[in-house]
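# Structure at a glance
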Amino acid sequence: MAKILHVISSPRGEASNSIKLGNAIIDKIKEQHSEVAVTVRDLTKGPFPHLEEAHLNAFFTPVEQHTDENKEAIRHSNEAIKEIFDADILVIDAPMYNFGIPSTLKSWIDHIARAGITFRYTAEGPEGLIKGKKAYLAVTTGGVYSSGPMASADFVAPYLRAVLGFVGVTDVTVNRAEGFAMPDLQAEALQKGIDNITL
Ligand SMILES: Cc1cc2nc3c(=O)[nH]c(=O)nc-3n(C[C@H](O)[C@H](O)[C@H](O)COP(=O)(O)O)c2cc1C
């Protein structure tokens, strides 16, 4: 049984191209496995809070000393981290918002990057502690960033690769659908992205 965690960060529901691309990736994964279980974490419904003092206090207080306030503050983070450790495969949908990722996705990342839990520093440098996972990114953009004049602003996939790698998820495949805002490309953008999916 392959356990997939599908992380959604577009609030556009059935109209969302990143969700459609993410679902198409999952359909392809299903062709490779006799049994697949999908858990959906929709970050637009019940978003993770921006990190406040209470969260940081909880992150940096040893578990055995946690107060009730610490326990409440760390609940989201523990839930999100458990979902990742429970999964074999992560499918992360990431529409580009103002050259970066949606803030809901950034908040989720802020809750899963936890010193001592998902990464640690050793004498040799940082070590990611989420081992043995495969991740697929479904990156969708209004412009084109995989090549051409906007390639220097291709921040979404490199950022996600870096931060996932930092917590140990180093096996990351990027799939893209691009050009949703470009008159010549928009009609075919999704289908082209789906046709080009690599696992
Ligand atoms: C708030 C917002 C900001 C956006 N910023 C960018 C951007 O900086 N660059 C870009 O190429 N497209 C941008 N887009 C277009 C989206 O990346 C594109 O339409 C994407 O497919 C949306 O994903 P969705 O259909 O899953 O919601 C933006 C869209 C929105 C709604």
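A short tour of the structure in this document, coming up. (Residues numbered from 1 in each chain as written. Predicted model: local features only at pLDDT ≥ 70, side-chain atom pairs only at ≥ 80, totals over all residues. Heavy atoms only, no water.)

### Quick look at unusual backbone geometry
- Unlike most non-glycine residues, Asn 98 shows phi in positive territory, near 50 degrees.
- Among the structural elements, Asn 98 can be located in the loop between strand S3 (89–95) and helix H5 (103–112).
- Overall, Asn 98 belongs to the exposed group, its relative accessible area being 77%.
- The phi dihedral of Phe 99 falls on the positive side, at around 70 degrees, and the residue is not glycine.
- By the secondary structure assignment, Phe 99 is in the loop between S3 and H5. (Helix = DSSP H or I, 4+ residues; strand = E, 2+ residues; numbered from the N terminus. Buried < 20%, exposed > 50% of the residue type's maximum accessible area, 1.4 Å probe, protein only.)

### Here we look at the site of the ligand
- In the region of the ligand, 16 residues are neighbours, and Ser 10, Arg 12, Ser 16, Ser 18 and Met 96 sit closest.
- Within the contact set of the ligand, an oxygen atom lies 2.6 Å away from a side-chain nitrogen or oxygen of Ser 18.
- Interatomic distance of 2.9 Å between a backbone N/O atom of Phe 99 and an oxygen atom of the ligand.
- In isolation the ligand offers 640 Å² of accessible surface; the protein chains occlude 75% of this area.
- For the shell around the ligand, the secondary structure elements donating two or more residues are helix H1 (17–32) and strand S6 (134–141). (Near = heavy atom within 4 Å. Polar contact = N/O pair within 3.5 Å; in protein donor to acceptor, adjacent residues only side chain to side chain. Areas by Shrake-Rupley, 256 points an atom, 1.4 Å probe, with all protein chains shown as cover.)

### Quick notes on the pattern of salt bridges
- For the structure shown, the criterion picks out 11 salt bridges.
- In this structure, the salt-bridge partner of Glu 72 is Arg 75, at a minimum N-O distance of 3.0 Å.
- Take Arg 75: its relative accessible area is 37%, and that puts it in the partly exposed class.
- The shortest N-O distance in the salt bridge between Lys 131 and Glu 127 comes to 3.1 Å.
- Taken together, the shared-partner salt bridges in this structure form one network comprising Arg 41, Glu 72, Arg 75, Glu 79 and Glu 83. (Salt bridge = Lys/Arg side-chain N within 4 Å of Asp/Glu carboxyl O.)

### Description of the environment of Lys 106
- Tracing the backbone shows Lys 106 in helix H5.
- Judged by relative accessible area, Lys 106 falls into the partly exposed class, the value being 33%.
- Separated by 11 residues in the primary sequence, Lys 106 and Ile 117 place their C-alpha atoms 18 Å from one another.

### Section: the packing of aromatic side chains
- Under the definition given, this model contains four aromatic pairs.
- Centroid distance Phe 99 to Tyr 145: 6.4 Å. Interplanar angle 85 degrees. Geometry classified as edge-to-face. Taken together, the positions of Phe 99 in the loop between S3 and H5 and Tyr 145 in the loop between S6 and helix H6 (156–166) put the pair 46 residues apart, joining distant regions of the chain.
- Pairwise contacts between aromatic rings join Phe 119, Tyr 121 and Phe 166 into one cluster. (Phe/Tyr/Trp six-rings, centres within 6.5 Å; stacked < 30°, edge-to-face > 60°.)

### With respect to the packing of helix H4 (residues 75–86) against H5
- Two elements in contact, H4 and H5, have axes separated by 8 Å at closest approach and are oriented at 90 degrees. Relative to H5, the element H4 lies roughly perpendicular. Here H4 contributes His 76, Ser 77, Ala 80, Ile 81 and Ile 84 to the contact with H5, which in turn contributes Trp 108, His 111 and Ile 112.
- Residue composition of the contact of H4 with H5, by class: five nonpolar, three polar and no charged. (Axes fitted to C-alpha atoms, helices over the stretch in contact; angles between N-to-C directions. Parallel < 35°, antiparallel > 145°, perpendicular 65-115°, else oblique. Contact = heavy atoms within 4.5 Å. Nonpolar A, V, L, I, M, F, W, Y, C, P; charged D, E, K, R; others polar.)

### Description of the sheet that holds S3
- The strand order S2-S1-S3-S6-S7 describes an open sheet built from five strands, whose pairing is parallel. Two strands lie at the open edges of the sheet, namely strand S2 (36–42) and strand S7 (171–178), each paired on one side alone. The mean angle between the axes of side-by-side strands here comes to 15 degrees, regardless of whether they run parallel or antiparallel.
- The sheet contact formed by strand S1 (residues 2–8) and S3 spans four bridges and is parallel. Bridge pairing links His 6 to Val 91 in S3.
- Sheet contacts for H6: S3, S6 and S7; angle to S6, the most-contacted strand, approximately 160 degrees. (Pairing = 2+ DSSP bridges.)

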